[in-house]
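A structural walkthrough
Next come the chains, spelled out residue by residue.
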Amino acid sequence: MSYVIGVDLGTQSLKGLLVDSQGKIVAEASHAHDYYSEEAGWAASRVEDYIESLTSVTKELVKISGIDPEEIGTFGMDAINDSVIAADAEGNALMDCIIWMDRRAEKETAEIGRIVDPKHVFEVTGLNLDSSHTAAKMLWIKKNRPDVFEKAKYLLNVDSYLVYWMTGVAAVDYAQASASMLYNVANMDWDEEMCKVFNLDPALLGTLQKAENIVGTIKPEIAEKMGLSPKTKVIVGTGDEHSACLGSGLVKPGMVCDITGTAEPVAGTSDKPVFDTKGLVETHHSANSKLWLVENPGFVSGGSTRWYRDTVLQTEEYDLMNVQAARSPIGSNGVVFLPCMSGAMTPTWNGAARGTFTGLALNHTLDDLSRAIFEGITFGLMDNVKRFEEIGMDCSTIRIVGGSTKSPFWCQMKADALGKRLEATKNPEGAAIGAAMLASVAEGNFASLEEAAEAMVEIGAVYEPDPSKKEAYEKAYQRYYECYMMMEPFFNKFYGEE
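Summary of the structure given here. Being a predicted model, the structure only gives us computed values, none of them experimental.

1. Things to note about the overall build of the chain
The helix and strand inventory of the chain stands at 17 helices and 24 strands. Taken over C-alpha atoms, the radius of gyration comes to 21 Å for the chain, in line with the 23 Å a tight globule of 498 residues would show. The principal-axis extent of the C-alpha atoms belonging to the chain is close to 65 × 50 × 45 Å. The buried share of the chain, reckoned over its 498 residues, is 62%.

2. Some details on the packing of aromatic side chains
Where two aromatic rings form a pair, the distance of their centres and the angle of their planes describe that pair. Under the defined criterion, the tally for this structure stands at 16 aromatic pairs. Measuring from centroid to centroid gives 5.5 Å for F379 and Y480, while their planes differ by 40°, and the two rings are tilted. Of this pair, F379 sits in helix 13 (residues 366-390) while Y480 sits in helix 17 (residues 470-495); the two residues are 101 residues apart in sequence, bridging distant segments of the chain. The pair F379 / Y480 is uniform in exposure class, with both members buried. Ring geometry for Y477 and Y480: centres 5.7 Å apart, planes at 45°, overall tilted. Of this pair, Y477 and Y480 both sit in helix 17, three residues apart, which is roughly one turn of the helix.

3. Considerations on the layout of surface pockets
Using a probe with the size of a water molecule, rolled over the atoms, empty space left in the structure can be pinpointed. Reported here for the second largest pocket is a volume of approximately 810 Å³. The wall of the second largest pocket is formed by 31 residues, among which N128, K278, G279, L280 and W349 lie closest to the centre. Of all the elements in the fold, those that place two or more residues in the lining of the second largest pocket are helix 2 (106-115), helix 3 (118-125), helix 13 and helix 17. For the lining of the second largest pocket, the class distribution of residues is 11 nonpolar, nine polar and 11 charged.

4. Considerations on a nonpolar patch on the surface
Nonpolar side chains collect at one region of the surface, where W307, V312, M341 and L366 lie side by side and expose about 290 Å² of accessible area between them. Inspection of the secondary structure assignment puts W307 in helix 11 (residues 302-313). Relative accessible area serves as the criterion here: at 31%, W307 is assigned to the partly exposed category.

5. Considering the sheet that holds strand 22 (residues 397-402)
Pairing in this open sheet of seven strands is mixed, and the strands run 18-19-17-16-22-23-24 from one edge to the other. Two strands lie at the open edges of the sheet, namely strand 18 (282-285) and strand 24 (459-463), each paired on one side alone. Taking each pair of neighbouring strands and ignoring which way they run, the sheet shows an average axis angle of 30°. Taken together, the three bridges between strand 16 (residues 256-260) and strand 17 (residues 266-270) define a ladder with antiparallel strand orientation. Bridge pairing links D258 to V266 in strand 17.

About the thresholds
Residues numbered from 1 in each chain as written. Predicted model: local features only at pLDDT ≥ 70, side-chain atom pairs only at ≥ 80, totals over all residues. Heavy atoms only, no water. Helix = DSSP H or I, 4+ residues; strand = E, 2+ residues; numbered from the N terminus. Rg over C-alpha atoms; globule rule 2.2 N^0.38 Å. Buried < 20%, exposed > 50% of the residue type's maximum accessible area, 1.4 Å probe, protein only. Phe/Tyr/Trp six-rings, centres within 6.5 Å; stacked < 30°, edge-to-face > 60°. 1 Å grid on protein atoms, 1.4 Å probe; cavity = no way out; pocket = protein on both sides within 12 Å on 5 of 7 lines; lining within 4 Å. Points joined across faces, edges and corners; volume = space filled by probe spheres on them. Nonpolar A, V, L, I, M, F, W, Y, C, P; charged D, E, K, R; others polar. Patch = residues over 30% accessible without salt bridge, like charges linked within 9 Å, V, L, I, M, F, W, Y side chains within 5 Å. Areas by Shrake-Rupley, 256 points an atom, 1.4 Å probe, with all protein chains shown as cover. Salt bridge = Lys/Arg side-chain N within 4 Å of Asp/Glu carboxyl O. Pairing = 2+ DSSP bridges. Axes fitted to C-alpha atoms, helices over the stretch in contact; angles between N-to-C directions.

As structure tokens, this is what we get:
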């Protein structure tokens, strides 16, 4: 049994952990990267930036820890969901990565909707027919970048691409495959009908395997760049929200997690596929292949707070938002923020939706706007938890992991608005912990993910709801909900696909 590395590649940074055979974190490192937007609704990242982040972090982990690279047995990673990198047979990226928040495939998605009933797509795949999912982006590449598509041996998720770059093996786990719209979520396999509808070969995504399966070892020339041994084994890996669920302890049925990063997925585990007939929450596989994950990708959460901090407050201090928001009452003095900065996943799925501040008057201050940002994202969480309860899921306690765990004010707001107990993970880097858990199981340090969770997942702060605030939050929530529903026809008219 040896040390392992767990890496989480997010939208704006890559975080890595070096973990010993007992699951104790020995070293941590991170490296920033970013995305860009050439046109409204587009979002992409440079693949070379991902490689720079990956190599920098692995080298830093080895340097900080002082561990001999030969002692690092297994490497595991997760990466952003719903993102596509086109790669050739030599492992080279043929264009920049189209990331999860990109909506350029709205036209292609609408065309698919005229071929097959979107309800049937949901029944088979567990997914809404939506431009955020990878098959839509793959189809966009095929139709709009034939020069790339013809050269591409694979169209891979980000974790799959980086594993391919490291090992020469292209593989995808059940969880990432279940976000493609090419996968039968009940049968745990590619769906022949959906592949024909999209006219895409699932072999483009790599071989289908469990997240903890070992695909090979690191190529010698790549190992040298990463500061690792070519003997280090590499696992398939998974998506970041799936990994964050593992890192928050969601390794058994009947648990719910709020994952706060650039986006804010809300997910619950089940031992069988659960389908939401309204389509608000989707059905994926968990990175624990024995479980399914019922989830909603959520609003652009940390992305909205960062936009507001950088563009409106023009500061580098997130804490200023907390200070300002705390001075405004529940309901933000009537200001409503819709966090649809990259379309909406709740209370409806709509790629045409846009972010808005509504209800502004001359008496309002930045305090009210800051609170409205936090509340708008919190109300999106409420949408999903309410729907989870309607379909029979246990939401009595919510685990919370990620960046917002650093804001006790926001965590308490969520507990009060939901009227539920929130348990924050002690380490906010839940996705990296999940990746390390998968690597630890592959290495043989733990017999199962359940055993790994016992050793590696710690609960930190606990937030109990204040019942006296629930009524005020429900009133503010209704204002948010009705604002969105009134605005949706406007979004569709002026920003929708013609």
